[in-house]
Structure formats: structure tokens, C-alpha cells
Amino acid sequence: MHDIRAIKDDPAAFDAAMVRRGSDVRASNLLAIDEKRVATVKAMNDAQAEQKAASKKIGAAKASGDEAAAQAVMAQVGQLKETVQTLEQQERTLAAKLHDTLLPIPNIIDTDVPEGADENDNTELRRWGTPNEIAEAKDHVDLGEALGMMDFETAAKIAGSRFVILKKDLAKLERAIASFMLNLHTEEFGYEEFLPPVLVSPEAMTGTGQLPKFEDDAFKTTDHRFMTPTAEVTLTNTVRDTLLSEDELPKRMTAWTQCFRAEAGSAGRDTRGMIRMHQFSKVELVSITTPKASDEEHERMTSCAEEVLKRLDLPYRTMLLCAGDTGFSATKTYDIEVWLPAQKQFREISSCSNTRAFQARRMQARYRAEGQKKPDFVHTLNGSGLAVGRTMVAILENYQQPDGSIAVPDVLQPLMGKAKIEA
RNA sequence: GGACAGGUGGCCGAGUGGUCGAAGGCGCUCCCCUGCUAAGGGAGUAGGCGGUUUGUAGCCGUCUCGAGGGUUCGAAUCCCUUCCUGUCCGCCA
């Protein structure tokens, strides 16, 4: 959410930022609402002051036993009360209107983020490893089904499309991948492991920005909760409505959770295989930092995610998303894309974003800087470290053997208890 | 699901209709004292919104004691609704 005072300070900059977003929101409309609100607050405060003063007089008169004087003032105050109530009602309405108008407005993108409309305009920052050229490479669906360990048909019968059942060594591989990632992030990178709920309140979804604009992308339960599309929601909301001290920052959290996405509007895209599912698991990274530390934390987080791929020896490239491809809550996003030999292309496996104070302002997540009197909003960052399902896809396709078996990456062998997956 | 008991400042905790934004403690900040450490003394220390202001200093107004509504001239305190927490019972993995 945006700071109305920041918009007031520089409306032109806000408008320019909205143009980059392709949004038609403009400062003038917001400022008009705020102006009315401010005028109402002033009138309300004045009326309240008057009422308060009168009430004190009554109290004083009663205390001194002057019942007649008390009665006289009480008669006058009656109308004031009505005025105050009317103004209070108006103020609430206007504050709510301003809030509701600000909520669906996307974050302002960093100035160093390149212009562009979609993923075709993203910038490649770096590459690691050499994309494997595998003759007659099979894709992960053919490999998994041939092994008898990946079953889309039965999953569809039970749950519908975009679900999968993994069995035997592939089910175990999912666990092994997740364990490897969690161990790396907790033991080497200082993230604290969480095992959070996957059902959350609308308030939590609003805090991280999924609501109100993207309600259709999430599954909603009959008791008005939401299935979390990512552990970003739960981990980030742990600091909702809190006032942290500076020495508690940065807070680094990680969690392996099932993620649920309705994939509304994605009909026909990636319908084959495990790339785009209604349910998938992901190891998430979330950092809560001071404003001055968030840029550096963003780089650090991205490198933590990259390290996973390095240790799995999977070739990847890191992209800086252009303005048009940057998500609603983010100021700047790095995508990490892993090489898939069967598709002969890089596919997104992680997305690391700095939202700065955007989510913190929605959640009232603040900290008090050392020696500072006023609290300030924290900065929140989130990234995948990594998507487990897509990591499995990458392993199957990159480690496939001519006979259809899958070599197990070195770092996963202790967790799998074997060096090869075969039928 | 049923029955009780609670939700107060960064934290703990007192406060049942009038000057209470709120005792006390802890924590924190500054000062004094103590030749280190520990201890001691004094002062200060909530947030939001608005105004004033060159100003994120100060000052002024106002709101906020889980949330929302009500009673009252006046509510942390009384009433209603709701959410959450604790305990017991039921159910259950």
C-alpha cells in the first residue's frame, strides 16, 4: 500500500510510476479524497475539543456540588454530541474510502528496472553452467510415467486436472529435494525453519497483496479462509501488527509448504506435466529487514536460491524482470530460470522480490531504529528457494540416462539412499 | 460443539462511571556516582491522525485500553455483537 503523504509530496513522480506500471491510477483522484478527509478530521477534532471541554465543566460543577451549573452546561452539550457523531461518521467513511482506493494500487517499480511489457523484455544478468544438449531428450512426463512413478491420470480421476500423484522413488525425491533445500538455508544461510498453516485469513492475504485484487487466483474455503498460494503469505504475516527493535533484524525465515493456485486465466498454458499445477510444494525464503539493508538482502537472498541450483549442478540464468513483468507487490524482482533440455529452454524456478515497505504498510509491521523515537516500517522480501516440483522436473530432464533411469545428483544421494532411480 | 475465565503501553501488570493515555515493575535513553565488572541515585520513555513549522525537533488538538456498535454530558470501567487466548468437558489425527 502506498503512503498518501508520499503521493502528496510528489504527485508527478507517483503518476509517472503508475504509467510505467500501465496503470491508469492518478494522484489527483487520491489527493481529492484525502483533502476531504483532512478537512473533516479538522472539523471533527474541533467539535470534539468543544465537547470535551464542556464535559469537564460538568464534572467540575458536580464535584463542587453546583448541580444547577452542571444542568445548564448539560443542556448545551446535547447538540454538540450530534455534530461530533456526524463528523466522526464522515471521517470514517472517507478514511475507509481512501484505504480501499489505495489497496488495489500496485507498488512503485525501482528506477533501475528496465522498461518492457512482458517476459520477452526481461534482462539476463548472469548464467551458470552449460545447458545440456541431450540427444532425443525425453521430457519429465515421459520419464516419470515410464518409471511408473508419476501418475497424472489417476490424479485427474480423484482431484481433476493439474494435479499429480508421485510414487515410490519420485515421492521420496520430493522429500529429499525439500530436505536438501531446507538444510542448506537453515544450516548455512541462517534462515529459521517454519512449518506454518496453509489456510489463512483474508487479512493475511491482504497483508501480502494477494487481496483484494487477485482473489480469483486463490482457492477459498467455505469458512472464508484461503489456501495459501505461497508460504510468503504466512511467513511475512508473522510480523503483522508488531513493533520490532532494530537488533531483531534481519529476520530470515524459510518453510516447505504445499502451495495452492487456482490458475485462473492460465487455461491452455503448460497443461502438460508438472510445470503449472493447482498444488505444488515450494521452499520459501522471507526476510524482514531495515530499509537501508533491503537492497543488499535482495541480492543475498537471490544468491541463496542460486546456490541450490549450483549444488544440484543444474544450469541456470538469472533475469531482472522488466517493468511490465514485475508483480503487484514488488519494486524489483529477479527470476532464476533453470535449463530444461527437453524443452530446450530456461524455465522459471525461483522469483525473488523486494517489496520494500509496501507489504509492511498493509500489515502495520514496524521497527524502531536504534536511538530513534518514531517507529518506521520494515522492508519485506520474499523468494523461492526453490519450487520443489519444478526442481524435480529439472533433475529428471537433466539427469536422464539413455535407458530411462535417472542419476541422483550427488548432494541428494545421502537423502535418497541411492545413486540411481530406475523402474 | 458446551461451560467458565481473560484480552490494558516494547514486555509484565494495576485500575469497575469524571482531570486515566492509564499506578507499579521490567526493558530502553540521558545524567550523576562508582578507578574495571557488578551495584546504586535522578530524569525521561506509547501509537495513529490533524494543525503549527523549512523540518522526520518542539508545541497544540484529537483519537486509541482486542475489534465493532450502544448507554451516558462523560466509558479501560456498564450493555450488545464479534474475534482471539486460557482452562475444563465432549469429539478427534
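Computed from a predicted structure; not experimentally measured.

A. Structural view of the packing of helix α7 (residues 168–187) against helix α12 (residues 388–398). At their nearest, the axes of α7 and α12 sit 10 Å apart, and the two run at 115° to each other. The angle between α7 and α12 places the two elements in the roughly perpendicular class. By crossing handedness, the relation of α7 to α12 is classed as right-handed. Residues L170, L173, E174, I177, A178 and M181 of α7 form the contact with α12, whose own contacting residues are V388, T391, M392, I395 and L396. Within the contact of α7 with α12, the residues separate by chemical class into 9 nonpolar, 1 polar and 1 charged.

B. Layout of the side chain of H2. In this fold, H2 is placed in the segment before α1 (4–9). Within polar-contact distance, the side chain of H2 engages the backbone oxygen of P106 at 2.6 Å. Every residue in contact with H2, bar those within four places of it in the chain, is listed here: I7, F14, M18, L102, I105, P106, N107, I108, F358 and R361.

C. Layout of the side chain of T40. In this structure, T40 sits in helix α3 (residues 27–63). In this structure T40 comes out as buried when scored by relative accessible area, which is 9%. Non-local contacts of T40, meaning those with residues more than four positions away in its chain, are made with L87, Q90, E91 and L94.

D. Just the packing of aromatic side chains, in detail. This structure, assessed with the given rule, holds 4 aromatic pairs. The interplanar angle of 75° and the centroid separation of 5.4 Å between the aromatic rings of F214 and F328 together place this pair among those described as edge-to-face. Residue F214 is located in the loop between α8 (202–208) and β6 (226–227), and its partner F328 is located in the loop between β10 (316–320) and β11 (332–340); the two are separated by 114 residues in the primary sequence. Its relative accessible area of 11% is what places F328 among the buried residues.

E. Expanded view of the pattern of salt bridges. For the structure shown, the criterion picks out 25 salt bridges. The salt bridge partner of R317 is E124, with a shortest N-O separation of 3.2 Å. A residue pair is termed long-range when its members are at least 10 positions apart, and R317 in strand β10 and E124 in strand β1 (residues 123–128) qualify at 193 residues. A relative accessible area of 33% places E124 in the partly exposed class. Across the pair E284 and K282 runs a salt bridge, and its minimum N-O distance is 2.6 Å. By the burial criterion, E284 is buried, and K282 matches it. Taken together, the salt bridges that share partners define one network made up of E124, R127, R317 and E337.

Criteria and thresholds
- Residues numbered from 1 in each chain as written.
- Chains lettered and ligands numbered in written order.
- Predicted model: local features only at pLDDT ≥ 70, side-chain atom pairs only at ≥ 80, totals over all residues.
- Heavy atoms only, no water.
- Axes fitted to C-alpha atoms, helices over the stretch in contact; angles between N-to-C directions.
- Helix = DSSP H or I, 4+ residues; strand = E, 2+ residues; numbered from the N terminus.
- Parallel < 35°, antiparallel > 145°, perpendicular 65-115°, else oblique.
- Left-handed = near helix turned anticlockwise from the far one by under 90°.
- Contact = heavy atoms within 4.5 Å.
- Nonpolar A, V, L, I, M, F, W, Y, C, P; charged D, E, K, R; others polar.
- Polar contact = N/O pair within 3.5 Å; in protein donor to acceptor, adjacent residues only side chain to side chain.
- Buried < 20%, exposed > 50% of the residue type's maximum accessible area, 1.4 Å probe, protein only.
- Phe/Tyr/Trp six-rings, centres within 6.5 Å; stacked < 30°, edge-to-face > 60°.
- Salt bridge = Lys/Arg side-chain N within 4 Å of Asp/Glu carboxyl O.

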